[in-house]
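What follows is the residue order along each chain.
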Amino acid sequence: GAVVSQHPSRVICKSGTSVKIECRSLDFQATTMFWYRQFPKQSLMLMATSNEGSKATYEQGVEKDKFLINHASLTLSTLTVTSAHPEDSSFYICSAIKSGQGASYEQYFGPGTRLTVT
Amino acid sequence: AQSVTQPDIHITVSEGASLELRCNYSYGATPYLFWYVQSPGQGLQLLLKYFSGDTLVQGIKGFEAEFKRSQSSFNLRKPSVHWSDAAEYFCAVGARGKLIFGQGTELSVKP
């Protein structure tokens, strides 16, 4: 078990539009989910920590008004890129921690979403 | 500050040869350590993890890693590499509720 899905896997949008990416834990509940961004040939950069029922905690330098995160249930977190621009094009990956797992840091990763802004 | 260093950006090994990927961390307390593998365009798959206890940990796909506190290292090893092992490998440390990743090591496998 411990499967995390993301939808869509690829999305192309026009500059100035918004796009929503979903992250779901399919066979477990996740109080905490994380959103990462990855540029080509680079490591994962943590964007924000999403906790069910509360506001997300954003990393320094991440625009919270541009990257809206909602964690409305124990199995779903969404990332909305608002007014997207070409520089927002990237690979976005989510991960989840099983509820009740405590501070074990074991995260289960989704397959990622490739966003291209034209 | 917590950090993870993977000194080798790219490694090429021949199929059947042994492999060692290096990872050094900086963390004040007992670390939670992880190795993940990422195939192109995919998410991350956990290979193995160290929380406590035996410093030699076994993972999936024949991988193992050894935690050496004195060297602040957590190197990943495999005795015989397969062509399907070609991928990006990330070492990570758990700190303050988050995972801190190294820069990654790209592994290429020669036939």
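Structure report, in brief. This structure is a prediction, so every number in the text was calculated from the model and none was measured.

## Details of the pattern of salt bridges
Two side chains carrying opposite charge are able to pair once their charged atoms lie near each other.
All names here are of chain A.
Logical step 1: Inspection of the entire model under this criterion finds nine salt bridges over all chains.
Logical step 2: The salt bridge involving glutamate 22 is made with arginine 24; its shortest N-O contact spans 3.5 Å.
Logical step 3: On the basis of relative accessibility, which here comes to 23%, the residue glutamate 22 falls in the partly exposed class.
Logical step 4: A residue is classified by how much of its surface remains accessible, and arginine 24, at 33% relative accessible area, is partly exposed.
Logical step 5: Among the ionic pairs, aspartate 88 bridges to lysine 66, the shortest N-O distance being 2.9 Å. Of the two residues, aspartate 88 is situated in the loop between strand 8 (76-81) and strand 9 (90-97) and lysine 66 in the loop between strand 6 (57-58) and strand 7 (67-73); the sequence distance between them amounts to 22 residues.
Logical step 6: Taking the relative accessible area as the measure of exposure, aspartate 88 reaches 5% and is therefore buried.

## Describing the sheet that holds strand 8 of chain A
Residues and elements named next belong to chain A.
Logical step 1: Judged by pairing direction, the sheet is antiparallel, and its four strands sit side by side in the order 1-3-8-7 without closing on themselves. Single-partner strands in this sheet number two, and they are strand 1 (4-7) and strand 7. Across this sheet, the average inter-strand angle for adjacent strands is 15°, counted without regard to direction.
Logical step 2: Bridge analysis of strand 3 (residues 19-25) against strand 8 gives six bridges, and the strand direction is antiparallel. Considered in strand 8, the bridge of isoleucine 21 is made with leucine 79.

## Here's the deal with the interface of chain A and chain B
Logical step 1: Across the boundary between the two partners, chain A contributes 19 residues, which contact 22 residues of chain B.
Logical step 2: Buried area between chain A and chain B, summed over both chains or domains, comes out near 1,600 Å², and the portion from carbon and sulfur atoms is 55%.
Logical step 3: Contact with chain B buries surface across chain A, with A:Tyr105, A:Glu106 and A:Phe109 losing the most and accounting together for 37% of the total.
Logical step 4: For the pair chain A and chain B, the interface holds three salt bridges.
Logical step 5: The shortest N-O distance in the salt bridge between B:Glu106 and A:Lys41 comes to 3.4 Å.
Logical step 6: Contributions of two or more residues to the side of chain A that touches chain B are made by strand 4 (32-38), strand 5 (44-51) and strand 9 of chain A.
Logical step 7: The element contributing the most residues to the side of chain A that touches chain B is strand 4 of chain A, with three residues.
Logical step 8: Looking at the side of chain A that touches chain B residue by residue, the class counts come to ten nonpolar, six polar and three charged.

Parameters at a glance
Residues numbered from 1 in each chain as written. Chains lettered and ligands numbered in written order. Predicted model: local features only at pLDDT ≥ 70, side-chain atom pairs only at ≥ 80, totals over all residues. Heavy atoms only, no water. Salt bridge = Lys/Arg side-chain N within 4 Å of Asp/Glu carboxyl O. Buried < 20%, exposed > 50% of the residue type's maximum accessible area, 1.4 Å probe, protein only. Helix = DSSP H or I, 4+ residues; strand = E, 2+ residues; numbered from the N terminus. Pairing = 2+ DSSP bridges. Axes fitted to C-alpha atoms, helices over the stretch in contact; angles between N-to-C directions. Contact = heavy atoms within 4.5 Å. Buried area = accessible area lost by both parts, 1.4 Å probe. Nonpolar A, V, L, I, M, F, W, Y, C, P; charged D, E, K, R; others polar.

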